[in-house]
Amino acid sequence: MHPRVFAALGADLVTNDVVAVIELVKNSYDAFAENAWVRFRRDAKRGEYLEIEDDGQGMTKAIIDDVWCLVATPFKENNPVAQSGNKLRRVAGEKGLGRLAMARLGSQLQLITKSSEDAAYEVTVDWSDIASESDISACYARRRKYADGLPFVESETGTVLRIYDLKSIWDEGKIADLEDNLARLISPFAPEDDFKIFLNGPGQLTTGAVRIESPEFLSRPKYLIKGKVDKKGNVESQYKYSPIREGKGRTRKLKLGWQQIYDNERDESKKSRFDAKNAHCGPFSFEIRAWDIAQEDTQELSERFDLKKAQIRPTIRAHKGVSVYRDRILVLPKSENARDWLGLDLRRVSWTGPRLSTNQIVGYVAISAENNPSIVDTSDREGLVSSREVVEFEEILKAIVELLENERDVDRVKRERETPLGDLFASLNAEDMVAEMISLAEQGVEVSEAVPILQAFSSQLDKARNAIQERFVYYSRLATVGTIAQMLVHEIRNRTISFGSFLNFVDKRYGSTEDKNFQLEYRSADNSVNALERLADTFSPLASRTFRRRLRDSWLEDRIRECLELQAAEIKRKRIRVHVPDSKTRVAVDPGELDAILLNLITNAAYWLTQVPEDKRDIDFRIAALDGGKRVRIWVHDSGPGIEEEEVNRVFLPGVTHKPGGIGMGLTVASELVAQYNGQMIAKYPGTKSGASFAFDLPVKK
C-alpha cells in the first residue's frame, strides 16, 4: 500500500481531534491503567505538544514489534480481556486502528514505554516522512532501548505518548470540549475510581492536573428511568421524579414487553426484520436522566446546586443524548455530530409537547461484547453497523425514552393537556418548495435536481395525512365532531389547492421530461394530494350540522363480536382468550360510536396483555341490567398488569398515557362518547381478573 494511507486513515477514520485523543486514552484503559494524564506542554525547541501518560502495564519489545507496529492488528480481538493480578478488564478497542489517531493530531511521535517484564523502550515515528515516501518499504518506526530516567510520575510501568508539531490549535473552547467528552468516556456503571483521567490544558501545568468529573447535579436529575432489558427484549424499569425545589416526589415501576414494542412499530420495513415474539440484540442495562430547561427551571437548578445559571444548559448539552458503553467504555456517540444517533430530535418535531430533546437528557446504556456481540460500532466511531439486532436495540431505547416522557408528562404542570389540532397542519405548507422550484427553474437546472424536492414533498404529504387520520380516529363522533370535521375539511382543502398549484407549476416546467425517476416521484406526489382530497370527502358528512345521535341503534353483543373480528389477527397472534355473553341486548347507540368505545378498550387490553404469560391472557365481557332495565352496564375485564390505584381517577384525562408513542386520548374520547348518552365510564381497582377492569353504561332501546 502507498505510505499516504497512514495519514489518510488517521484523518478519515477519526472524525475530529477530540475523538482522536479519546481513542488514545482508551488505549491507556486497555493497558489496565488506573490513571491517565492528558497534558498540553511546551518545548523550547519544538513548541507546544500533547502528552498522554498512563500507569498501565506498558509494552514489551515483542508487543511493540509484533502488535503496536502492525496496522489493524487482531491482538485485542484475540485477547479481549486484560488481567492485572486478580483483576480482569474487558478491552475497549478491537480494530487495531486507534494508534493512527496520532497521525491526525501531529506529525511527530515519541513513545516511551516500560513493562514489568522488559526494559524501557522508546519508539519514534515521523508521519510526515512516511507520507512523503513513495514505497512502504522505506517507512520505519524507530525503536531503541530507553536509557534515560523514566518519565512516569507515579509508577514504574506505563506508557507516555508525546505528539509534536500539532496540526491544529487547542484553544479554550476546544479544551473545554475535550474535558466534557473525557468526562463521558467512563461509564457511570463502572466502579468508582476504576479509571481516573486528569487534564492539564495549555498554561495549566503550574496549577496541577484537574481530575475529569461530571458536575454533581447531573447525578441528581429531576426525572429518571433506569432498569434492565432481558435477552428477549422485555423491559423492567423504575421511574423516579425528584422535584428540584419543592413538591412531592414519586416512583413507579414500569414494564414493557418486546411484543408491545413490536406492536407500536409503524415502519413496516423495520417491522418485517423483527421477530414478533423476541428481540435478539441481547440484554443490557440503562439509566436515562432528564431535566426541564426553561428559564425558571435553570434558575431552580442554579439555586439548588450553587451554580451559575448560565452553566446549566451548556453542562447538560455537553453530556447530552444517550451514550452507549461497552464493557464500561464509551462506544457511541464520540462527537457532537452523532449525539442524536437515536433520532430523538427529529421525532420531537412532529409532536413537541411532552417529547424530550437530546438537549434535555443524559442517558447511559451498558452493553458488553459477550452479551451483545452484534452491536458493533463503525470504523469511524460515529455509529453502529446496521443489523437486525442494532435496529431492535434502537427501537427498545426509543420506547424507554417514551416511557420516561409519559411519566414526566404526568409530573409536569401542564397548561394544556392536548396539542392543538391546528398544529397538525403546520407542516402542510408548499411555499418554501415552490420558491425553491422557481429558483431552480430560473437557474435552468436539470430535471434530476428537482427529484429530491418532489420526494421530500411527497413524504411530507404522506406523513401529514397519516397524522390527521390517526388523530381523527381519536376524536371520532365527539360532541364537537361537527366543528372538528369542519376544521379538518377546511384545512385540508385549503392546503390541497396550494399543493395543486405547486404540482401544476412542476408539470408545466418539467412535465415533458422522459426522466422515469422524475415521473415516478411526480405521480407519487399527485397521488398523495388526491389521497388528502379523498380524506376530506370522508370527513364531509360528519361536518354537516344535520348529524343527529340516536337515529340508529345497535345489538350490543353483535358489535362486540364485530370489533373482536376486526382485531382477530392480533388476538390470535397473542393467543388471547375472549369471552362474550350469549345474551341479546339492543342499545340506543349509533353503531359507529359504540365501535369507537369498544375498539379502544379491546386494543388497550390486547396491548397490555403481552406483559403476562400466554396461558394467562384473557378478556372477559360482562353485561348487567341497570335502572330497572332502562340502561345496561358493560364490563370489560382483562388479566394484564392492571392499573395502579393512584391512576384510576386519572386514566380518562386527556394526555395521560403509559404507552410508548401514545397521545393519551383514547380513553378520553371513549368516556366522552359514553357521556353523550348520559352514561359514565369508570375504572376499577383492583381489577376483577387481576388486570384492568373498565365499565360503561348505555341506554337500552325501548
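Residues numbered from 1 in each chain as written. Predicted model: local features only at pLDDT ≥ 70, side-chain atom pairs only at ≥ 80, totals over all residues. Heavy atoms only, no water.

A. Structural context of the overall build of the protein chain. Check the secondary structure of the protein chain and you find 21 helices and 24 strands. The buried share of the protein chain, taken over its 702 residues, is 52%. Taking all contacts inside the protein chain whose residues are at least 6 apart in sequence as the whole, residues at least 24 apart take part in 72%. Accessible area of the protein chain: about 33100 Å², with a carbon and sulfur share of 46%. (Helix = DSSP H or I, 4+ residues; strand = E, 2+ residues; numbered from the N terminus. Buried < 20%, exposed > 50% of the residue type's maximum accessible area, 1.4 Å probe, protein only. Contact = heavy atoms within 4.5 Å. Areas by Shrake-Rupley, 256 points an atom, 1.4 Å probe, with all protein chains shown as cover.)

B. Here's a closer look at the sheet that holds strand β13 (residues 250-256). Ordered by their spatial adjacency, seven strands build an open sheet running β13-β12-β11-β14-β17-β15-β16, and the pairing between neighbours is mixed. The open sheet has two edge strands, β13 and β16 (329-332), and neither has a second partner. Each neighbouring strand pair of the sheet contributes to a mean axis angle of 20°, computed without reference to strand direction. One ladder, built from seven bridges, connects strand β11 (residues 223-229) with strand β14 (residues 284-290); its direction is antiparallel. (Pairing = 2+ DSSP bridges. Axes fitted to C-alpha atoms, helices over the stretch in contact; angles between N-to-C directions.)

C. Examining unusual backbone geometry more closely. Geometrically, the link from L332 to P333 is a cis peptide bond, its omega value of -5° lying close to zero. As for its position among the elements, P333 is in the loop between β16 and α12 (344-349). A cis amide bond, omega -10°, links Y685 with the succeeding residue P686. Of note, P686 is situated in the loop between β23 (681-684) and β24 (693-699). For R328, which is not a glycine, the phi torsion comes out positive at approximately 80°. As for its position among the elements, R328 is in the loop between β15 (321-326) and β16. R328 gets classed as partly exposed once you look at its relative accessible area, which sits at 35%. Its identity as a non-glycine residue notwithstanding, D627 has a phi of 50°, on the positive side. With respect to the helices, strands and loops of the structure, D627 is situated in the loop between β21 (618-626) and β22 (631-638).

D. Seen up close, the sheet that holds β23. Spatially, five strands are ordered β19-β21-β22-β24-β23 in an open sheet, and the strand pairing comes out mixed. Each of the sheet's edge strands pairs with one partner strand only, and the pair in question is β19 (577-579) and β23. Averaged over all adjacent pairs, the angle separating strand axes in this sheet is 20°, with direction ignored. Bridge analysis of β19 against β21 gives three bridges, and the strand direction is parallel. Among the inter-strand pairings, R577 is bridged to a residue of β21, identified as D618. Sheet strands in contact with helix α20 (residues 591-608) are β21, β22, β23 and β24, and its direction is about 170° off that of β24. The strands touched by helix α21 (residues 666-675) are β23 and β24; relative to β23, the strand with the most contacts, the crossing angle is about 125°.

E. Region of the structure containing the environment of C281. Inspection of the secondary structure puts C281 in the loop between α9 (268-271) and β14. Apart from the residues lying within four places of it in its own chain, the contact partners of C281 are N371, N372, I375, E389, E392, F393 and I396.

F. Geometry of the pairing of strand β17 (residues 361-367). Across the seven residues that make up β17, a large majority, seven, are buried. Sheet topology places β15 next to β17; six bridges connect them, and they run parallel. Residue pairing for β17: R326 is matched across the bridge by I367.

G. Fine view of α20. Taking 1.5 Å per residue as the helical rise, α20 with its 18 residues ought to reach 26 Å, and the 26 Å between its terminal C-alpha atoms agrees with that figure. Extensive coverage of α20 is indicated by the burial of 13 of its 18 residues. (Expected span 1.5 Å × (residues − 1).)

H. Up close: the packing of aromatic side chains. Taken as a whole and assessed by the stated rule, the structure comprises 14 aromatic pairs. Arranged with centres 6.1 Å apart and planes meeting at 75°, the rings of F217 and W291 form a pair that is edge-to-face. You can see F217 sitting in the loop between β10 (210-211) and β11 and its partner W291 sitting in the loop between β14 and α10 (295-305), a full 74 residues away along the chain. Accessibility expressed as a relative area gives 0% for W291, which makes it buried. (Phe/Tyr/Trp six-rings, centres within 6.5 Å; stacked < 30°, edge-to-face > 60°.)

I. Inspection of the pattern of salt bridges at higher detail. Tallied over the entire structure, the rule returns 37 salt bridges. In this structure, the salt-bridge partner of E389 is R388, at a minimum N-O distance of 3.7 Å. Of the charged contacts, one joins D697 and R631 as a salt bridge, the two residues approaching to 2.8 Å between their closest N and O atoms. Linking D697 in strand β24 with R631 in strand β22, this pair joins segments that are 66 residues apart in sequence. There is no split in this pair, since D697 and R631 are both buried. (Salt bridge = Lys/Arg side-chain N within 4 Å of Asp/Glu carboxyl O.)

J. Inspection of helix α7 (residues 172-185) at higher detail. Over its 14 residues, α7 extends 20 Å from the first C-alpha to the last, a length consistent with the 20 Å expected when each residue adds 1.5 Å. Three or more residues of α7 are buried, namely K174, I175, L178, N181, L182, A183, R184 and L185.

K. Quick look at the packing of α10 against helix α11 (residues 309-318). Following both chains from N to C, one finds α10 and α11 inclined at 105°, their axes separated by 8 Å at the closest point. Of the possible angle classes, the one that applies to α10 and α11 is roughly perpendicular. Of the residues in α11, those touching α10 at Q295, T298, Q299, L301 and S302 are K309, I312 and R313. Here the contact of α10 with α11 is built from residues that sort into two nonpolar, four polar and two charged. (Parallel < 35°, antiparallel > 145°, perpendicular 65-115°, else oblique. Nonpolar A, V, L, I, M, F, W, Y, C, P; charged D, E, K, R; others polar.)

L. Geometry of the nonpolar core. Core analysis: the biggest nonpolar cluster contains 56 residues, and V21, V25, V38, L50, W170 and L178 have the highest contact counts within it. The element best represented in this core is helix α2 (residues 17-30), accounting for seven residues. (Core = buried A, V, L, I, M, F, W, Y, C linked by side-chain atoms within 4.5 Å.)

M. A look at the pairing of β13. Because side chains alternate across β13, one face comprises the buried residues R250, R252, L254 and L256, and the other comprises T251, K253 and K255, none of which is buried. Bridge count for strand β12 (residues 235-241) against β13 is seven bridges, and the pairing is antiparallel. If you follow K240 over to β13, its bridge partner there is T251.

N. Geometry of the environment of R495. In this structure, R495 sits in helix α16 (residues 481-510). Each C-alpha atom of the pair R495 and L532 lies 9.2 Å from the other, and the pair is 37 residues apart in sequence.

O. Structural view of the confidence of the model for the protein chain. Mean pLDDT over the protein chain works out to 81, with 81% of the residues at or above the 70 mark. For residues 414-422, every residue scores under 50 in pLDDT, and the model assigns this stretch 14 contacts once sequence neighbours within four places are set aside. Taken as a whole, residues 476-480 scores under 50 in pLDDT and shows 15 contacts with residues more than four places along the chain or in a different chain. (pLDDT = per-residue confidence, 0-100.)

P. Structural detail: the packing of α20 against α21. Look at α20 against α21: their axes get within 9 Å of each other, and the N-to-C directions meet at 145°. Regarding α20 and α21, the two cross each other, and that crossing is left-handed. Each of E593, A596, I597, N600, L601 and N604 in α20 lies in contact with α21, whose residues at this interface are G666, L667, A670, L673 and V674. A per-class count over the contact of α20 with α21 returns seven nonpolar, three polar and one charged. (Left-handed = near helix turned anticlockwise from the far one by under 90°.)

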